[in-house]
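Understanding the architecture of this molecule
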Amino acid sequence: MRSKLDFDRYDRIRPIRWIGEALELLDQRKLPFVVEYRSCASSDEVAAAIRDLTVRGAPAIGIAAAWGVVLAARGIDAPDGAEAAHKLEPALERLNAARPTAVNLAWALARMRRTLGEAGPDWRDVVEREARDIETEDLAANRAMGTLGAALIEAGSGVLTHCNTGSLATAGFGTALGVIRAGVAEGRITRVFAGETRPWLQGARLTVWELQQDGIDATLIADSAAAHLMKTGQVQWVVVGADRICANGDVANKIGTYQLAISARHHGLKFMVVASSSTVDMGTPSGDVIEIEERDPGELFGVGGSRTVAEGIAAWNPVFDVTPHELIDAIVTEKGVVERPDEVSMRHLFGV
Ligand code: MRU
């Protein structure tokens, strides 16, 4: 087994680029066939890009929002950070309202608000530094989690992942995909399967493409093939990310995660959630109180812009679900691993 991971070799994509006068976002609506950055010159453009999924993935939307605050700051004058924070509040609220479920958005904005409030006359530099720190800390956390999570996986294992949790969804390297990158590099993971992730197809359009860029072979499956795949014995772990991890260890993640956890338990597979501590929300006691985003039912009516469903059909499109903590074997964060998470083990690592 190789011991030292060459991070750059296994991680080439960057979804967010700060270029000083604007924020450039790799347009994830167009991947994999068009690789194009969309330039945002205002915080409201960043909010729109979060809402329409140009940028997506819990950590990535938090980072984009932090840069959105820097852009909003361009339009105001204030003698110190406290007054700047007051004037920027409406822009922060518009950013916060862009998507409800991933806590990283609210977390990043709260951190920007707090830092601004404490800053003096140099608040513009302070706020830009804070956005940069949020981004670089995310990359460092992902790399640390990759190593911690991979260490739980036996050599020669197969894994199934869901949605896109890679470089595209973070500052780089990814959460669950970071564990998969590290596990492949170390020879622990020899088979990678990715579910399509209907209806937006994050798995089919993003995950397998992203892994291909880094020379990692992955096999795409229809979401509905997951239980059958598990039964064949080709996978030993399901490895997923998170949009919010509650105080009792319940996890909100992309719709379909819950049914994978149920199937994994039924087939005796292990279930791992990988997320940085910015996704842990000790203020939310359990998954029952998480707001689940519902998107346009129109996402279910077609594929690739062509309508596949008869006119006049109703559809329901919740885009996240909650996996109860009892179905989770390990939550991996940069602060450490919580095995068989519950209220007590979560509090032990994250406090209150
Ligand atoms: O709707 P999306 O694509 O933003 O949902 C993303 C997910 O559910 C990811 O699994 C989660 O944000 C973790 S990404 C590191």
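The following refers to the structure shown.

**What to know about the packing of aromatic side chains**
- What the rule picks out here adds up to one aromatic pair.
- Measuring from centroid to centroid gives 4.4 Å for Trp-18 and Trp-67, while their planes differ by 10°, and the two rings are stacked. One end of the pair, Trp-18, is in strand S1 (residues 16-18); the other, Trp-67, is in helix H2 (residues 58-73), and 49 residues separate them in sequence. Just as Trp-18 is buried, Trp-67 falls in that class too.
- Of note, Arg-205 hangs over the ring of Trp-200, and the distance from its end group to the ring centre comes to 4.4 Å.
- Looking at Lys-254, its charged tip hangs above the ring of Phe-320, at a distance of 4.3 Å from the centre.

**A few points about the site of the ligand**
- Neighbouring the ligand are 17 residues; Arg-56, Arg-99, Asp-243, Asn-253 and Lys-254 lie closest to it.
- At a separation of 2.8 Å, an oxygen atom of the ligand approaches a polar side-chain atom of Asp-243.
- Between an oxygen atom of the ligand and a side-chain N or O atom of Asn-253, the distance comes to 2.7 Å.
- Looking at which domains feed residues into the shell around the ligand, each of domain 1 (4-141) and domain 2 (142-350) supplies at least three.

**Some words on helix H3 (residues 81-96)**
- Between the first and last C-alpha of H3 there are merely 20 Å, a value that for 16 residues lags more than 12% behind the 22 Å anticipated at 1.5 Å per step.
- Bending of H3 peaks at approximately 50° at the position of Leu-88, with proline Pro-90 no more than four residues after it.
- Contact partners of the buried residues in H3: helix H1 (43-51), H2, helix H4 (103-118) and helix H5 (123-150).
- At the N-terminal boundary of H3, the capping side chain belongs to Asp-80, with an oxygen 3.4 Å from the backbone nitrogen of Ala-82.

**Focus on the sheet that holds strand S11 (residues 280-281)**
- In space, the four strands of this open sheet follow the order S11-S8-S9-S14, with mixed pairing throughout. Every interior strand has two partners, whereas the edge strands, S11 and strand S14 (320-323), have only one.
- The pairing of strand S9 (residues 251-254) with S14 spans four bridges and is antiparallel. Looking at S14, one finds that Asn-253 is bridged to Asp-321.
- Here helix H9 (residues 257-267) sits on the sheet and contacts S9 and S14; the angle it forms with S14, its principal contact strand, is near 35°.

**Looking at the pairing of strand S15 (residues 330-333)**
- Burial of the side chains of S15 extends over both faces: Ala-330 and Val-332 are buried on one face and Ile-331 and Thr-333 on the other.
- With three bridges joining them, strand S10 (residues 270-274) and S15 adopt parallel strand pairing. Along S15, the bridge assignment pairs Met-272 with Ala-330.
- Pairing geometry for S15 and strand S16 (residues 336-339), over four bridges, is antiparallel. Directly across from Thr-333, in S16, lies its bridge partner Gly-336.

**Comments concerning the pattern of salt bridges**
- Evaluation of the coordinates by the stated rule reveals 24 salt bridges.
- Among the ionic pairs, Arg-38 bridges to Asp-52, the shortest N-O distance being 2.9 Å. With Arg-38 in strand S3 (residues 37-40) and Asp-52 in the loop between H1 and H2, this residue pair connects regions lying 14 residues apart in the sequence.
- In this structure Arg-38 comes out as partly exposed when scored by relative accessible area, which is 23%.
- Asp-52 sits in the partly exposed class, given a relative accessible area of 26%.
- With its nearest N and O atoms 3.4 Å apart, the salt bridge here joins Glu-343 to Arg-347.

Cut-offs applied
The numbering scheme is per chain: residues are counted from 1 as the chain's sequence reads. Restriction of local features to residues with pLDDT of at least 70 applies here, the model being predicted, together with a cutoff of 80 or more for giving and counting side-chain atom pairs; totals for whole chains, interfaces and linings are based on all residues. With hydrogens and water stripped out, all remaining heavy atoms of the structure feed into the side-chain values. Between 30 and 60 degrees the pair is tilted, below 30 it is stacked and above 60 it is edge-to-face, where a pair is any two Phe, Tyr or Trp rings, Trp via its six-membered ring, whose centres lie within 6.5 Å. Runs of H or I in DSSP of at least four residues are treated as helices and runs of E of at least two as strands, each being numbered from the N terminus. A simple rule labels every residue: compare its accessible area, found with a 1.4 Å probe on the protein chains alone, to the largest value its type can have, and call it buried under 20%, exposed over 50%, or partly exposed in between. The criterion for a charge sitting over a ring is simple: Lys NZ or Arg CZ within 6 Å of the ring centre, and within 35 degrees of the ring normal. Here a residue counts as near a molecule or strand whenever at least one of its heavy atoms sits within 4 Å of it. Polar contacts, as used here, are pairs of N or O atoms within 3.5 Å; protein pairs need one atom able to donate a hydrogen and one able to accept it. Residues neighboring in sequence count only if both atoms are side-chain atoms. Residue ranges labeled as domains rest on an automatic or database domain assignment. Helix span, as expected, comes to 1.5 Å for every residue beyond the first. Think of it this way: the bend at a residue is just the angle between two axes, each fitted to seven residues, one set ending at that residue and the other starting at it. Should any heavy atoms of two residues lie within 4.5 Å, those residues are counted as being in contact. For two strands to count as paired, DSSP must find a minimum of two bridges between them. Convention adopted: a line fitted to C-alpha atoms gives each axis, helices being fitted over their contacting stretch, and angles between N-to-C directions are expressed from 0 to 180 degrees. For salt bridges, the criterion is a side-chain nitrogen of Lys or Arg within 4 Å of an Asp or Glu carboxyl oxygen.

No statement about biological role is implied by the geometric values presented.
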